[in-house]
Amino acid sequence: MSVKVKTLDDLTLPPPGADSPLSTQEYFINMGPQHPATHGVLRLLLRLDGENVREVIPVLGYIHRGIEKIGENSSYRQTIHLVDRLDYLSALMNNWVVSMVVERAAGIETNDRIEYIRTIMAELQRLQSHTLWWGVIGMDLGAFTPFLYGFRDREYATDIFEETIGARLTMNYIQPGGLMNDIHPNFVKRTKEFLEYLKPKIDEYDELVSGNAIIQKRLVNIGILSAEDAISFGTTGPVLRASGVPYDLRKIEPYGVYGKVEFDVAVGQAGDSWDRYIVRVMEMRESVKIIEQLIDNIPEGDYMTVKVAKAIKPPEGRYYGHLETARGVIGCFIVSDGKDKPYRFHLRTPNFNNLWCLTKIAKGWKIADLVAIASSLDIVIPDIDR
Amino acid sequence: MGLVNLRKIRRAKQEIGGREVAVVISPRPEQTRLGTTVWQTFKSLLTGMKITISYLFRPSTVVTQQYPENRETLQMFDRYRAQLKLVYDEAGGRLCNCCQICENACPNQSIKIEWTKNPDTKKKELERWIWRMDSCTFCNACVQACPSNSITFGNEFESAVYDRRLLVYTLNDKAGPDAKVWSAIEDPAEREKLMRKMDRYSGPIPLSGTSLPGNPSGKEG
């Protein structure tokens, strides 16, 4: 994506005071690519009038690694470890979506145990991602304490992953035909302990940040994204649900064992930053509910249904699958020509669309609000550029 | 405008795509009188302060590893993936039989196995088991693919070095036949004759340039 400039006049700014109450001249300023509040190497080109944001132009490509192209040159199993690096806070869901499509394409069947573990892992990852986001939004709004608390609670979930999987961030756990290894004997005990620990902590989050008058003033009625805009920008996940659209693939097209569990979809009313904030906090409670229903009922079975050393060769055709990550819908599109490598490997990632609605909703607010709005969108930059 | 009453979460059913979905609807700010708003505001600030202060007196909730102070007692999880290792049997024979399945499974060519064929026994003999840690992503594909379970990941996570070239390891400390041949011979002195000692850094060195000081075979890879 590049900035389109038709003529030189586009870059000529209006004279001071032309359409502004302040008698100042508008100016462009770069926010990023190295800026602490952009959560990564994202460059936002801002047209400012004093401190008022007139226009936001996201400039992408600073962290493009060509994951889709590398995926076309590696076998289906090797592709999995690459998608960890898209949205690294939803690594397991990214693994899952590729595995899901490859399984569908090659006709690989999994068993109940695998699906149960996958669902529990995905929800743990959602909790881990949301606790981190909660800490980061606190820091973006000027409060450092939530950052420490968020990372503290995330540590417990990360330890669970580390014990079972052996890695903390880029895990490569969910694979076509099953899982990398079986759950650790301590997994169930540890997960239960974590949930018991986290439930009072979410209430503490509410007391410390959600209930705080300053935080509420910074979020309520700021950056309103209407349901129509949310849909036309293609946003998904908590951003779309905060605008009042209860679109959640876990409910609408249940995958894994989401069809067997009871949970509610958290939706907002106005679509402002506050709704995007509180929807995620409510989602944490729902995730706890989902794991609690599943953790005691993991059935027996194998953790891998196919031979790992055997190459996967799906028949010719086009395959698509999607699921709900912590940030929205990730879709994976594979064109197979019958060989052991995909002919085309494409990913539809949630953050790209979620970022783009910033161009509309940040208009007219102050720079400090822009930071709050961008933080409430919960964008992960490597997922945008991939 | 007053504060948000966080307890006021409504549960309802909403329709999307011809499907009814159970939803929880977010709480919104309520209209309150000025006095109430001021009181609620002060109360919210004090509630947050109460939590922060309570942590001041409960430092036991710290979960951070106090590394490197706890270096002696730090216990990593068994499955933690840090250093790739070859597996040896009880007699000390190397299980790896140079089948190179791991080399093909590796997504970024971090493994290279150099072997020679022994003209007498017509069997593969390992020369160098090269692991390029500088390009390894620790994805576990090699360990999973190995048919003879002859490689594993160890827990030694302190692997920082000053020169990137030092991240190319020769994992086998001895070159020679695998465990099947090794275990068939009973005399330990005879066994040792079959093997040649290998240096951890005797593999090819990436990044063209000078050889490393202290590394005799600093050939370009």
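Residues numbered from 1 in each chain as written. Chains lettered and ligands numbered in written order. Predicted model: local features only at pLDDT ≥ 70, side-chain atom pairs only at ≥ 80, totals over all residues. Heavy atoms only, no water.

**Q** Just checking my understanding: could you explain the overall build of chain A for this structure?
**A** Scanning chain A from terminus to terminus reveals 15 helices and nine strands. For a compact globule of 386 residues, the expected C-alpha radius of gyration is about 21 Å, and chain A comes in at 22 Å, within 12% of that figure. Out of the 386 residues in chain A, the part that is buried amounts to 63%. For chain A, contacts bridging at least 24 residues in sequence account for 70% of all contacts bridging at least 6. Accessible area of chain A: about 14000 Å², with a carbon and sulfur share of 54%. Here chain A contributes 44 positively and 51 negatively charged side chains, and the mean placements of these two sets differ by 4 Å. (Helix = DSSP H or I, 4+ residues; strand = E, 2+ residues; numbered from the N terminus. Rg over C-alpha atoms; globule rule 2.2 N^0.38 Å. Buried < 20%, exposed > 50% of the residue type's maximum accessible area, 1.4 Å probe, protein only. Contact = heavy atoms within 4.5 Å. Areas by Shrake-Rupley, 256 points an atom, 1.4 Å probe, with all protein chains shown as cover. Lys, Arg positive; Asp, Glu negative; His and termini not counted. Charge placed at Lys NZ, Arg CZ, Asp CG, Glu CD.)

**Q** What am I meant to see in the overall build of chain B here?
**A** Check the secondary structure of chain B and you find five helices and nine strands. Each helix (α) and strand (β) of chain B, taken in turn from the N terminus, gives the series β-β-α-β-α-β-β-α-β-β-β-α-α-β. Counting the 221 residues in chain B, one finds 38% classified as buried. Considering only contacts within chain B whose residues lie at least 6 apart along the sequence, 60% involve residues at least 24 apart. A total accessible area of about 13700 Å² is found for chain B, and carbon and sulfur atoms account for 54% of it.

**Q** How do you make sense of unusual backbone geometry when you look at a structure like this?
**A** Among all residues except glycine, the phi angle is most often negative; among peptide bonds, the trans geometry is most common. All names here are of chain B. The omega torsion of the bond from Tyr67 to Pro68 falls at 5°, within 30 degrees of zero and hence cis. The topology assignment puts Pro68 in the loop between α1 (34–56) and β3 (83–86). For Gln100, which is not glycine, the phi torsion reads 65° and is therefore positive.

**Q** What is the right way to look at the interface of chain A and chain B in this model?
**A** For interface size, the figure often reported is the accessible area lost on association. Each partner contributes residues to the interface: chain A has 64 residues there, and chain B has 46 residues. For the pair chain A and chain B, the two sides together bury roughly 4500 Å², of which 57% comes from carbon and sulfur. Among the residues chain A hides against chain B, the three largest losses belong to Gln78, Pro246 and Gln269 of chain A. Together they make up 11% of the total. At the junction of chain A with chain B, the criterion picks out three salt bridges. As a salt-bridge pair, Arg28 of chain B and Asp275 of chain A come within 3.3 Å of each other at their nearest N and O atoms. Where chain A packs against chain B, one counts 29 residue pairs in polar contact (both at pLDDT 80 or more). Taken together, the elements giving at least two residues each to the side of chain A that touches chain B come down to α2 (76–83), α5 (145–164), α6 (187–210), α7 (213–219), α10 (249–252), β6 (265–267) and α11 (273–295) of chain A. Per-element tally for the side of chain A that touches chain B: the top contributor is α5 of chain A, with nine residues. (Buried area = accessible area lost by both parts, 1.4 Å probe. Salt bridge = Lys/Arg side-chain N within 4 Å of Asp/Glu carboxyl O. Polar contact = N/O pair within 3.5 Å; in protein donor to acceptor, adjacent residues only side chain to side chain.)

**Q** Please explain the pattern of salt bridges as it appears in this structure.
**A** Pairs can form between side chains of opposite charge whenever their charged atoms are close. Residue and element names in this part refer to chain A. Scanning all chains against the criterion turns up 42 salt bridges over all chains. Linking Glu123 and Arg250 is a salt bridge whose minimum nitrogen-to-oxygen distance equals 3.3 Å. Highlighted residues: Glu123 in helix α4 (residues 112–140) and Arg250 in helix α10, separated in sequence by 127 residues. On the accessibility criterion, Arg250 (2% relative accessible area) is buried.

**Q** Is there a simple way to think about helix α14 (residues 367–377) of chain A in this case?
**A** Each α-helix winds once per 3.6 residues, and so residues spaced three or four apart point in a common direction. Residues and elements named next belong to chain A. Most of α14 is tucked away, with nine of its 11 residues classed as buried. Every buried residue of α14 is listed here: Asp369, Leu370, Val371, Ala372, Ile373, Ala374, Ser375, Ser376 and Leu377. Count one or two residues on from α14 and you reach Asp378, which has phi positive near 55°.

**Q** Would you mind showing me how to read the sheet that holds strand β2 (residues 19–25) of chain B here?
**A** By definition, the strands of a sheet pair up through backbone hydrogen bonds, in either a parallel or an antiparallel sense. The strand order β6(A)-β2(B)-β1(B) describes an open sheet built from three strands, whose pairing is mixed. Of all the strands in the sheet, just β6 of chain A together with β1 (10–16) of chain B have a single pairing partner and so form its edges. Strand-to-strand twist across the sheet, computed as the mean angle between neighbouring axes with direction ignored, equals 45°. Inspection of the sheet shows β1 of chain B paired to β2 of chain B by seven bridges, in the antiparallel sense. In the sheet register, Arg11 of chain B faces β2 of chain B, and the bridge partner there is Val24 of chain B. Packing of α11 of chain A onto the sheet brings it into contact with β6 of chain A together with β1 and β2 of chain B, and relative to β6 of chain A it is tilted by some 170°. (Pairing = 2+ DSSP bridges. Axes fitted to C-alpha atoms, helices over the stretch in contact; angles between N-to-C directions.)

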